[in-house]
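Letter by letter, the chains look like this.
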Amino acid sequence: MNKSIKELVRKHNIRTSKSLGQNFLIDDTIVKRIVDSARISADDMVIEVGPGVGSMTVELAARAGRLIAVEIDRHLIPALTENLAGFNNVDIINEDILKINIDELIKAQTEKASGIFKPGNVKVVANLPYYITTPIIMKFLEESTSINLFVFMVQKEVADRILAQPGSKDYGALTVAVQYYCKPERVFDVPPHCFIPQPGVISTVVRLKAYEKPPVDVIDRKTFFKVVKASFGQRRKTLLNALYNSGYFNMNKEELKELLRNLDIDENRRGETLSIMQFAKLANSFSEKDC
Ligand code: SAM
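Calculation notes
- Residues numbered from 1 in each chain as written.
- Predicted model: local features only at pLDDT ≥ 70, side-chain atom pairs only at ≥ 80, totals over all residues.
- Heavy atoms only, no water.
- Pairing = 2+ DSSP bridges.
- Helix = DSSP H or I, 4+ residues; strand = E, 2+ residues; numbered from the N terminus.
- Axes fitted to C-alpha atoms, helices over the stretch in contact; angles between N-to-C directions.
- Contact = heavy atoms within 4.5 Å.
- Left-handed = near helix turned anticlockwise from the far one by under 90°.
- Nonpolar A, V, L, I, M, F, W, Y, C, P; charged D, E, K, R; others polar.
- Core = buried A, V, L, I, M, F, W, Y, C linked by side-chain atoms within 4.5 Å.
- Buried < 20%, exposed > 50% of the residue type's maximum accessible area, 1.4 Å probe, protein only.
- Domains from an automatic or database assignment.
- Near = heavy atom within 4 Å.
- Polar contact = N/O pair within 3.5 Å; in protein donor to acceptor, adjacent residues only side chain to side chain.
- Areas by Shrake-Rupley, 256 points an atom, 1.4 Å probe, with all protein chains shown as cover.
- Arc of directions from axis to C-beta.
- Parallel < 35°, antiparallel > 145°, perpendicular 65-115°, else oblique.

Read from one edge to the other, the open sheet built from 7 strands follows the order β4-β3-β2-β5-β6-β9-β7, with strand pairing classed as mixed. Every other strand in the sheet has two partners, leaving β4 (90-94) and β7 (182-190) as the edge strands with one partner each. Ignoring strand direction, the axes of neighbouring strands in this sheet form an average angle of 20°. The sheet contact formed by strand β6 (residues 149-155) and strand β9 (residues 203-210) spans 7 bridges and is antiparallel. Bridged to V151 within β9 is R207. Helix α6 (residues 133-143) rests against β2 (44-49), β5 (121-127), β6 and β7 of the sheet, and its axis sits at about 170° to β6. Sitting on the sheet, helix α8 (residues 173-181) is in contact with β7 and β9, with an inclination near 115° to β7.

Set out below in structure tokens:
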């Protein structure tokens, strides 16, 4: 496999695009370890974001019942198609993943394969383009209701943010969002020499197991994420000032103070020290007219 990716790139005269985050995996062992970590079986429908020329796609297609590969760069499609010749369970979609309605895609693919295949699980596996890692992760978390597992390769710094604990420098809105929807786990690090061209950063594979029910009770998800965004918006300010200055809430400072006091949350704390449970309690104490 190692050799064939380089060969495919050469044969199809592919010039990798930095602006599309193209770093192709060339290490067969790493590919196997990533795909192994998704524990894919013939019952699974797998969505791969950014298949490139198919470094992981072939291994995914060999194990999944159905594979949907969404690649934005039309220049890569001929090489990808050549690499996948011989598989009849793959759909290549030449589209920007951010423009796709994920639930509709899953529904359409399930219907298309009906009679032959009904997915037991829907999984997403991706070596993500690093320039839009957060928007892609957030899109999947917020929009899709039927995905059980995500295996993402991200920049190590992003993995640290996903896995962070309250009070640490890496803890932020991405941490809370991911940990609200999923149980995250670090799988392993991948050094730059496993890719062509080599990225300037260490990469990390993370596995996110989606909760059937979030670990905290939130009355209104929009308010919860508004509170999270406000609290991390001004990291150097106290929680009270960050909430007040965000302008998201129809409350004066005294009213906000009172709300925090009633919850036994010190107004001088920094928002980044709050646990997900505390964010949920705080969000649940705002009434509809306050937001
Ligand atoms: N999966 C391949 C591998 O492991 O070698 C390629 C990974 S490369 C880091 C990221 C891939 O995502 C590239 O093929 C790039 O063209 C594609 N990509 C970038 N932006 C995208 C978008 N918005 N939608 C879909 N694919 C995208």
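Alright, that's what it looks like, and here's the rest.
Here we take up the packing of α6 against α8. The relative placement of two packed helices is expressed as an angle between their axes plus a distance between the axes. The interhelical angle for the contact between α6 and α8, taken along N-to-C directions, is 30°, at an axis separation of 10 Å. When you trace α6 past α8, the crossing you get is left-handed. Along its contact with α6, which presents T134, I137, M138, L141 and E142, the element α8 presents L174, A177, V178 and Y181. Residue composition of the contact of α6 with α8, by class: 7 nonpolar, 1 polar and 1 charged.

Moving on to the environment of K107. Locating K107 in the fold gives a position in helix α5 (residues 102-112). C-alpha of K107 to C-alpha of S146: the two residues are 39 residues apart in sequence and 9.8 Å apart in space.

So, on to the nonpolar core. Among the nonpolar cores identified, the biggest contains 66 residues, and F152 and F224 are the most heavily contacted of them. Taken together, domain 1 (5-210) and domain 2 (221-289) each give at least three residues to this core, which thus spans both. Apart from residues lying up to four places away in sequence, F152 is in contact with V124, A126, L128, I137, T204, V205, V206 and L208. L25, I30, A61 and F188 belong to the second-largest nonpolar core, a separate cluster that totals 26 residues.

This brings us to the side chain of T223. Inspection of the secondary structure puts T223 in helix α9 (residues 221-233). On the basis of relative accessible area, T223 is assigned to the buried category, the value being 8%. If near-sequence neighbours (up to four positions away) are discounted, T223 is found in contact with A283, F286 and C291.

This next bit is on the site of the ligand. Taken together, 24 residues sit near the ligand, with L25, G50, E71, D96 and N127 positioned nearest. Residue P51 places a main-chain N or O atom 3.4 Å away from a nitrogen atom belonging to the ligand. Between I97 and the ligand, the recorded distance is 3.0 Å, taken from a backbone N or O atom to a nitrogen atom. When isolated, the ligand has an accessible area of 590 Å², and the protein chains bury 99% of it. At the level of secondary structure, the elements contributing two or more residues to the shell around the ligand comprise β1 (24-25) and β3 (66-71). Its residues assigned to classes, the shell around the ligand shows 12 nonpolar, 7 polar and 5 charged.

Before going further, it helps to examine the side chain of D290. As for its position among the elements, D290 is in the segment after α12 (276-284). At 3.3 Å, the side chain of D290 and the side chain of K289 are in polar contact. Residues within four places of D290 in sequence aside, it is in contact with Y248, F249, N250 and M251.

At 3.6 residues per turn, the α-helix brings residues three or four places apart onto the same side. If you check which residues of helix α2 (residues 28-37) are buried, you get I30, V31, I34, V35 and S37. Within α2, the buried residues cover an arc of 160° as seen down the axis, which keeps them to one side. For α2, the secondary structure elements touched by its buried residues are β1, α3 (57-63), β5, β6, β7 and β9. At the N-terminal boundary of α2, the capping side chain belongs to D27, with an oxygen 2.9 Å from the backbone nitrogen of T29. Looking one or two residues past α2, R39 carries a phi angle of roughly 45°, positive in sign.

Right, let's get into the packing of α8 against α9. Running from N to C, α8 and α9 point in directions that differ by 150°, and their axes come no closer than 9 Å. In terms of orientation, α8 lies roughly antiparallel with respect to α9. For α8 against α9, the interelement crossing comes out right-handed. The residues of α9 that touch α8, namely those facing A173, V176, A177, Y180 and Y181, are R221, F224, F225, V228 and F232. Among the residues forming the contact of α8 with α9, the class breakdown is 9 nonpolar, no polar and 1 charged.

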